[in-house]
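Breakdown of the fold
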Amino acid sequence: MPRNADRPRRITAERDGPLLIEGPVEVALPNGEVVISKRFVVAVCTCRRSRTYPWCDTSHRARTASAGAEPSPGEPEAATTDEGSHP
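Everything in this summary refers to the structure shown in the same document. (Residues numbered from 1 in each chain as written. Predicted model: local features only at pLDDT ≥ 70, side-chain atom pairs only at ≥ 80, totals over all residues. Heavy atoms only, no water.)

Remarks on unusual backbone geometry
- Following G23, the chain continues into P24 via a peptide bond in cis, with omega recorded as -5 degrees.
- Among the secondary structure elements, P24 is positioned in the loop between strand 2 (19-22) and strand 3 (25-28).
- With a phi angle near 70 degrees, T58 is a residue other than glycine that sits in the positive phi range.
- Considering the arrangement of structural elements, one finds T58 in the segment after strand 5 (41-44).
- Residue class for T58 comes out buried when judged on its relative accessible area of 12%. (Helix = DSSP H or I, 4+ residues; strand = E, 2+ residues; numbered from the N terminus. Buried < 20%, exposed > 50% of the residue type's maximum accessible area, 1.4 Å probe, protein only.)

See the structure below:
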């Protein structure tokens, strides 16, 4: 969706998933680093399991928040996306 200055930026909260934010976005990290994505929709990790944090790589699908442990042997790892390679 193109950004319209007259319309607020839309953020969609996914149950047990990322925040989907209309882009482009800048995310200020706790360490002061600012990361940028120019995608028109960006998935921002809320579970902190992503290997490409702050971008969601769907790691939340491999484990539930209450599990907090590594996947069992033989359990498939979460699929990764290209979210981490933002221009």
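Text resumes after the structure shown.
Some details on the environment of V41
- Structurally, the position occupied by V41 is in strand 5.
- Take V41: its relative accessible area is 36%, and that puts it in the partly exposed class.

Regarding the packing of aromatic side chains
- Here the structure, examined in full by the defined rule, presents zero aromatic pairs.
- Above the face of the Y53 ring, R48 is positioned so that its terminal group lies 4.4 Å from the ring centre. (Phe/Tyr/Trp six-rings, centres within 6.5 Å; stacked < 30°, edge-to-face > 60°. Lys NZ or Arg CZ within 6 Å of the ring centre and 35° of its normal.)

Let's talk about the pattern of salt bridges
- Counting across every chain of the model gives one salt bridge.
- When the shortest N-O distance is used, the salt bridge between R15 and D16 registers 3.9 Å. Taken as a pair, R15 and D16 share a single burial class, namely exposed. (Salt bridge = Lys/Arg side-chain N within 4 Å of Asp/Glu carboxyl O.)

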